[in-house]
Amino acid sequence: MPAYAIIGGQWGDEGKGKVVDFLSGEADIVARFNGGNNAGHTVITDLGEFKFHSIPVGILRPSTTCIIGNGVVVNPDAFLEEIYSLQARSVDVSRLCISDRAHVIMPYHTMLDRLEEGIRAEGGGALGTTGMGIGPAYMDKAARTGIRMVDLLDEKALLTRLSFVLEQKNALITKLYVGEPLSLDETYEKCRVWGRELKDYIKPVEPILQEALAAGKRIILEGAQGAMLDIDHGTYPYVTSSSSTVGGACTGLGISPKHIKEIAGVYKAYTTRVGTGPLPTELNDEIGDFIRKRAWEYGTTTGRPRRCGWFDAVAARYSVDINGITSAVITRLDVLDGISPIRVCVAYRLNGEIINRFPTNASTLEACEPVYEDLPGWEKPTASARNIADLPQEAVNYVERLEQLMGCSIDVISTGPGRDEAIIVRSMF
Ligand code: IMP
């Protein structure tokens with residue numbers, strides 16, 4: 001059972017990139033299972049900083065095979081740009097493959113994402129999407145009008161399919177949004193070029209995964225976004241369009257749950273969210289600004305400032321439960337150095353009543369007030385600590401309290417952006 005899932009436990013940007021990079025040193029395969037280039041995973045190595053959007057972080061390890069699963073939606077231009085920039089830094093990308101079942105983010109998807117978001121914004125209901133065409137691409141997948149990677153390799157059939165789909169899309173673009181239609185010739189030509197440039201990467205990935213599992217190799221299942229942005233379990237409709245919880249790892253790669261040995265949930269020591277939607281512990285004050293500045297909480301993909309808040313243990317507990325998290329990782333503990341007291345949301349108050357359950361309705365969550373417990377902060381820096389004994393007692397108490405509230409053991413504490421800046425309490429492998 002050698003697959004290990006890495007899931008974002010909050011609203012994304014928890015630091016999964018660093019965790020996957022750290023673990024991939026001892027992995028044979030790293031496989032991305034959801035989302036697209038809306039994701040932004042940052043890794044810092046001796047070679048400097050790398051930002052990944054579609055490509056699994058494991059590519060930085062010289063012998064790790066990297067897979068983009070069928071659950072991912074791929075923008076070929078963005079993918080190729082990432083490939084070229086990795087090659088320019090002498091990273092070997094020959095160990096990378098894309099599932100032939102993965103859906104393509106087409107030019108009309110990015111266009112429609114922005115047009116739809118514009119209409120929603122006019123009505124005061126913007127979702128704050130990344131504008132990368134993610135929602136429209138998954139819509140087409142569900143509507144069975146998507147173009148898959150495998151379609152790029154069959155130029156004749158592609159033309160028939162694209163003619164049909166583009167007619168529908170152009171009707172939508174011109175009649176509903178009063179935009180400019182896309183040319184069939186140009187779109188088809190783009191697809192042909194993509195097919196030729198990507199053909200060596202596109203293949204069935206299930207056999208690679210099945211053989212690796214049978215041989216007892218270690219596979220990291222790399223999630224994007226976070227549980228609270230999951231299409232089913234997140235703060236709908238303020239969510240992304242994919243399954244960012246552990247179920248997505250199985251459907252997004254074609255592997256059975258029985259192969260998953262550990263499910264690691266990555267949580268920041270506080271909370272952030274980018275885009276709109278409820279965030280009960282949001283700090284619209286100087287502490288929120290301080291956290292944003294100190295931690296440079298700006299989106300890797302869009303550059304938007306992230307909304308910052310205290311740790312929400314109600315939401316964290318919910319994400320532990322829906323994912324069956326076996327091992328939690330706390331990141332960016334060092335950001336809280338010097339802040340005192342540190343508040344943790346232990347319940348919500350709704351219409352005068354205390355509730356401990358994460359509500360289904362975004363509007364209900366919006367109406368929830370956090371019930372805080374204050375914990376003493378610490379003065380001594382935790383940055384770069386490598387052992388629990390290096391942490392001030394107040395930081396240990398904070399981590400232990402989160403552990404109790406989440407109902408899950410915290411096995412790794414990340415104390416800085418560098419590869420080795422972490423305290424390993426229990427190794428997942
Ligand atoms: P979409 O995924 O672009 O459709 O955006 C839907 C929502 O998910 C927006 O609120 C985005 O800000 C958020 N989102 C999407 N990807 C990420 C991510 O990687 N980190 C954090 N938020 C994200």
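About the thresholds
Residue numbers run consecutively from 1 along every chain, following the written order of its sequence. Residues qualify for local features only when their pLDDT is at least 70, as the model is predicted, and side-chain atom pairs are given and counted only at 80 or more; totals for whole chains, interfaces and linings, by contrast, use all residues. The basis for every side-chain value is the complete set of non-hydrogen atoms in the structure, without hydrogens or water. Starting at the N terminus, helices and strands are each numbered in turn, a helix being any DSSP run of H or I of at least four residues and a strand any DSSP run of E of at least two. Atoms considered for the radius of gyration are the C-alpha atoms alone. The globule rule reads 2.2 Å times the number of residues to the power 0.38. Here's how the labels work: a residue is buried when its accessible area is under 20% of the maximum for its type, exposed when over 50%, partly exposed in between, all with a 1.4 Å probe on protein chains only. Any two residues whose heavy atoms approach within 4.5 Å are treated as being in contact. Each accessible area is a Shrake-Rupley result for a 1.4 Å probe, and residues are judged covered by the shown protein chains and nothing else. What fixes the domain bounds is an automatic or database domain assignment. Computed with a 1.4 Å rolling probe, the buried area is the accessible surface lost when two parts are put together, summed over both parts. Here a salt bridge means any side-chain nitrogen of Lys or Arg lying within 4 Å of a carboxyl oxygen belonging to Asp or Glu. Within 3.5 Å is the distance limit for a polar contact, defined as a pair of N or O atoms, with the added protein rule that one can donate a hydrogen and the other accept it, and that residues adjacent in sequence qualify only through two side-chain atoms. Helix span, expected: 1.5 Å multiplied by one less than the number of residues in the helix. The arc in question is the one traced by the directions running from the helix axis out to the C-beta atoms.

**Q** What is the right way to read the overall build of the chain from this model?
**A** Each helix and strand in the chain was counted, giving 13 helices and 20 strands. For a compact globule of 429 residues, the expected C-alpha radius of gyration is about 22 Å, and the chain comes in at 22 Å, within 12% of that figure. Seen through its principal axes, the chain has C-alpha atoms that stretch 65 × 50 × 40 Å. Going through the 429 residues of the chain one by one, you find that 57% of them count as buried. Long-range contacts, defined as pairs at least 24 residues apart, comprise 76% of the intrachain contacts of the chain with a sequence gap of at least 6. Accessible surface computed for the chain: about 17400 Å², of which carbon and sulfur atoms make up 52%.

**Q** What should I look at first to understand helix α11 (residues 313–323) in this one?
**A** In an α-helix, one turn spans 3.6 residues, which is why side chains three or four residues apart end up on the same side. Among the residues of α11, those classed as buried are A313, V314, A315, A316, S319, V320 and N323. Against the buried residues of α11 lie β1 (3–8), α9 (246–251), β11 (260–268), β14 (311–312), β16 (342–350) and α13 (393–406). After α11 finishes, the residue G324 shows a positive phi value of roughly 65°.

**Q** Quick question: what am I supposed to make of the environment of L405 here?
**A** Inspection of the secondary structure assignment puts L405 in helix α13. In this structure the C-alpha to C-alpha distance between L405 and R317, which are 88 residues apart in sequence, comes to 7.0 Å. What L405 contacts, discounting residues up to four positions off in sequence, is A313, R317, V344 and V346.

**Q** Would you explain the domain arrangement of the chain in this entry?
**A** Segmenting the chain into domains produces domain 1 (3–100 + 203–263), domain 2 (103–198) and domain 3 (267–424). With six residues of domain 2 at the contact, the number on the domain 3 side is five residues. For the pair domain 2 and domain 3, the summed buried area comes to about 360 Å², and 51% of that belongs to carbon and sulfur atoms. For domain 2, the biggest contributors to the area lost against domain 3 are G128, T130 and M132; these three give 69% of the whole. For the interface between domain 2 and domain 3, the tally reads zero salt bridges. Here domain 2 and domain 3 share three residue pairs in polar contact (both at pLDDT 80 or more) between them.

**Q** Explain helix α7 (residues 184–198) here, please?
**A** Along its 15 residues, α7 runs 21 Å from first to last C-alpha, staying within 8% of the 21 Å computed at 1.5 Å per residue. Of all the positions in α7, only T187, Y188, C191, W194, G195 and L198 are classed as buried. Looking down the long axis of α7, one finds its buried residues gathered within 120° of arc, a one-sided arrangement. For α7, the exposed residues lying more than 90 degrees away from the buried face are D185 and E186. Buried residues along α7 sit against α2 (76–88), β8 (103–104), α3 (107–122), α5 (149–152), α6 (155–176) and β9 (202–203). Capping of α7 at its N-terminal end is provided by S183; its side-chain oxygen lies 3.3 Å from the backbone amide nitrogen of D185.

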